[in-house]
Protein chains: 2
Amino acid sequence: MRPVTTQRRDRATIEDVASAAGVSVATVSRALRGLPNVATSTRQRVKDVAEQLNYSPDPAAARLAAGHTRTVTVVVPHLNGWYISNVVAGAEALCSDAGYDVLIVGIGSSADFSRLLSASYQLERRTDGLIVIEVPVAEHEAESLASRGISLATVGVAAAGHPAIRIDNIEVGHIAARHLVELGHDRVALIGVQKQPLHSDVAVDRRRGYVEGLSELGVELDPSMFVEGDFGIDAGQEAMAALLVARIPPTAVFSLSDEMAFGALIEMKRRGLEPGTDVSIMGVDDHAFSRVVDLTTISHGVAEHGIAAARLLLAQMARGHADRRASTDDHQGVDLGTASQPAMPITLVRRATTAAVR
Amino acid sequence: MRPVTTQRRDRATIEDVASAAGVSVATVSRALRGLPNVATSTRQRVKDVAEQLNYSPDPAAARLAAGHTRTVTVVVPHLNGWYISNVVAGAEALCSDAGYDVLIVGIGSSADFSRLLSASYQLERRTDGLIVIEVPVAEHEAESLASRGISLATVGVAAAGHPAIRIDNIEVGHIAARHLVELGHDRVALIGVQKQPLHSDVAVDRRRGYVEGLSELGVELDPSMFVEGDFGIDAGQEAMAALLVARIPPTAVFSLSDEMAFGALIEMKRRGLEPGTDVSIMGVDDHAFSRVVDLTTISHGVAEHGIAAARLLLAQMARGHADRRASTDDHQGVDLGTASQPAMPITLVRRATTAAVR
DNA sequence: ATGAAAGCGCTAACAA
DNA sequence: TTGTTAGCGCTTTCAT
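Nothing here was measured: the structure is a model prediction, and the numbers come from that model.

Undergrad: So what's going on with the sheet that holds strand β11 (residues 346-349) of chain A? Which residues, and what values?
TA: Residues and elements named next belong to chain A. With mixed pairing, six strands are arranged side by side in an open sheet as β7-β6-β8-β9-β10-β11. The open sheet has two edge strands with one neighbour each: β7 (226-228) and β11. This sheet shows a mean twist of 20° between the axes of neighbouring strands, independent of strand direction. Note: strand β8 (residues 252-255) against strand β9 (residues 280-285), three bridges, orientation parallel. Bridge pairing in β9 links V253 to I281.

Undergrad: Account for the sheet that holds strand β6 (residues 188-193) of chain B, with residues named and values stated.
TA: Residue and element names in this part refer to chain B. The mixed open sheet is built from six strands, whose spatial order is β7-β6-β8-β9-β10-β11. Each edge of the open sheet carries a strand with a single partner, namely β7 (226-228) and β11 (346-349). Taken over all neighbouring pairs, the strand axes of this sheet differ in orientation by 20° on average, direction set aside. In terms of strand pairing, β6 meets strand β8 (residues 252-255) through four bridges, oriented parallel. The residue of β8 that forms the bridge with A189 is V253. With respect to the sheet, helix α9 (residues 202-216) is in contact with β6, β7, β8, β9 (280-285) and β10 (296-300), its orientation differing from that of β6 by roughly 165°. Docked against the sheet, helix α10 (residues 233-244) engages β6, β7 and β8, running at close to 145° with respect to β6.

Undergrad: Now, about the pattern of salt bridges: what can you tell me, with residues and values included?
TA: Across all of its chains, the model carries 26 salt bridges over all chains by this definition. In this structure, the salt-bridge partner of E212 of chain A is R208 of chain A, at a minimum N-O distance of 3.3 Å. Here E212 of chain A and its partner R208 of chain A are both found in helix α9 (residues 202-216), four residues apart, which amounts to about one turn of the helix. Residues D286 of chain B and R351 of chain B are paired through a salt bridge, measuring 2.7 Å at the closest nitrogen-oxygen approach. Placement of the pair is D286 of chain B in the loop between β9 and α12 (290-293) and R351 of chain B in the segment after β11, with a sequence separation of 65 residues. Members of the salt-bridge network, linked through shared partners, are R63 and D101 of chain A together with R126 of chain B.

Undergrad: Can you break down the packing of helix α2 (residues 25-33) of chain A against helix α3 (residues 40-53) of chain A residue by residue, with the values?
TA: Residues and elements named next belong to chain A. Relative to each other, α2 and α3 sit at 90°, their axes nearing to 9 Å. In terms of orientation, α2 lies roughly perpendicular with respect to α3. On the side of α2, the interface is formed by T27, V28, R30, A31 and L32, while α3 contributes T42, R43, V46, K47 and A50. Grouping the amino acids of the contact of α2 with α3 by side-chain chemistry returns five nonpolar, two polar and three charged.

Undergrad: Mind laying out the relation of the copies chain A and chain B, listing which residues take part and the relevant values?
TA: For the pair chain A and chain B, the superposition axis carries a translation of 0.0 Å, the fit reaches an RMSD of 0.1 Å, and the rotation angle comes to 180°. In the structure described here, the two chain copies are related by an operation that fits a two-fold rotation axis. If distances are taken from each C-alpha of chain A to the rotation axis, the shortest is found for L103 of chain A, at 2.1 Å. A shared binding surface is used by both copies, with 95% of the interface residues of chain A retained as interface residues in chain B.

What counts, and where the lines are drawn
- Residues numbered from 1 in each chain as written.
- Chains lettered and ligands numbered in written order.
- Predicted model: local features only at pLDDT ≥ 70, side-chain atom pairs only at ≥ 80, totals over all residues.
- Heavy atoms only, no water.
- Pairing = 2+ DSSP bridges.
- Helix = DSSP H or I, 4+ residues; strand = E, 2+ residues; numbered from the N terminus.
- Axes fitted to C-alpha atoms, helices over the stretch in contact; angles between N-to-C directions.
- Contact = heavy atoms within 4.5 Å.
- Salt bridge = Lys/Arg side-chain N within 4 Å of Asp/Glu carboxyl O.
- Parallel < 35°, antiparallel > 145°, perpendicular 65-115°, else oblique.
- Nonpolar A, V, L, I, M, F, W, Y, C, P; charged D, E, K, R; others polar.
- Least-squares fit on C-alpha atoms with pLDDT ≥ 70 in both.

So this is what it looks like as structure tokens:
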């Protein structure tokens, strides 16, 4: 019964490997990291010894010495929405396959985000890259990141000079307008006018596209038919309640998110109204649950968005490495990130909650 | 146009603070970390200087020197289920408020988890504590963690000797049995027999409680009425389809998760069956959308579970610190973690999908 | 209460 | 191709 004192000294260090393989630590480091200028035979021997000793470099030591962290940070407004969880899932899978640790940070307000970026938080000492999901990034923030050597890819929002995964939200609005008008609706509402704490421009764009689409199709707008919503279920229910008591209620409503549409559905049921028959309603997201209630919606990738963002980020970080290796000299910081990717695909999914006006 | 070479040398180090405050680095370190044996005046001065210099310690350096990481790792089977996302959300919030970085790792198979724990991954160099959500932890794994000084708290699964947040899943089964039998059902089914890649015992326990409850109430069991399901929507739909084509279909079904119940609902609608009227169905979780379809379910905390787990973990880690500080000598590793917490509360939520048998 | 100095385990110049 | 060595920025004895 040995006195378990501490678990000190059972972990192999680079020196153990070096002496066991009969080379210097520098060679071990090079060999294991796939750097050039190592004889194939040496490299193999080192690898074998390392494996046998169960060695792998201490991340903290490597970070301290090398200056980068092999860590990516995923920034989200919250983790309990369907869309965001799925994006995170996709991003995490790819990053961790690529050997990166992935940190996650939930942002309650834009103040939280500033704090994350504030000099004193030492973000650049914690992470090599950021995947920011639906949290707006101000121009000076984007620049600050670039100048600090932190790579960035965004999802659902844009950041000047950095790659972004997004869908064409204007087009989303157009599609909704077209679909509803084709069904003969002309008293149409919208749920989801900005009211979020952390406001991105997805709401703004979808709305704009909707408005544009409607007027192009000659449909008159009634501003009172545009109601607030934070993209959650409850907001949707409240919004629908407000719409249904209007002097002249809408015959169709476009909800900027499926979740709000679900709330709206609750309210309709409460009032004995049949979706599609009494009032048409459609959302955006193709939430897993939309199929359950047969909600017409506009579908886009989810995990795909996370994967795509991760891919861009990884590429950017790899490029950064190369750069650093190549030119120790100047290059104006802010040109990283080939920016604007093509918009991700979206498609209208016609289901039962929208139908021709009676 | 200065040659932006690199962003080197604008970050304050502990030495900058030391010299600016006219003390040694050791004193700065003590002062800033709230250690004893620092004159109040000195401490204040150091703090002021640090603030002014926008100093904060480099995490990698601190980790390397101190041996712990101020990082907690959340381990999940996947991130796209409603329950798990919410648990993660709660845990993340608490841990990051406590000043910990939170890493997230998605486990595809139990092999992935073993890899995480394998000596060569150096988990103890990456994290101080683990929150494991619905990923089974083998006994030797739990011991290994304890001996390596990694704290552990689990959610939805147990790990010998470590605190766990859980609900009484046997009781969940009992509640379901009682509810259905009280409504007069006696041909009852169950959806969700284990079929998951990473199988915990929640399914086993719920089922067992259900079976027990039913027999206690004198209801006969038909094994063919127990069908597989991986807790997702599609599985629920398939399961329900199978049940409905049985020679004698059930009059009520208990789905081990709300999501599977949603799938079942789809199938019922597809066949023109009315939930509650034609067949009663209930789930477990009180998923956000259960309200939308008026699903009877068994509710439990969600974010609360994550928060509770985080709380236990933080306490444990704090205790670990104290221990280390107090006795540099022996103490049998595996006694950390006061283990078994009381089960978290659960409640039956009666809604429209269950009703008295006709 | 404070300081000096020895690492923590690795990476990256620079030499050889 | 390989080895030597100077850090990276902090924590922690051990002195004082």
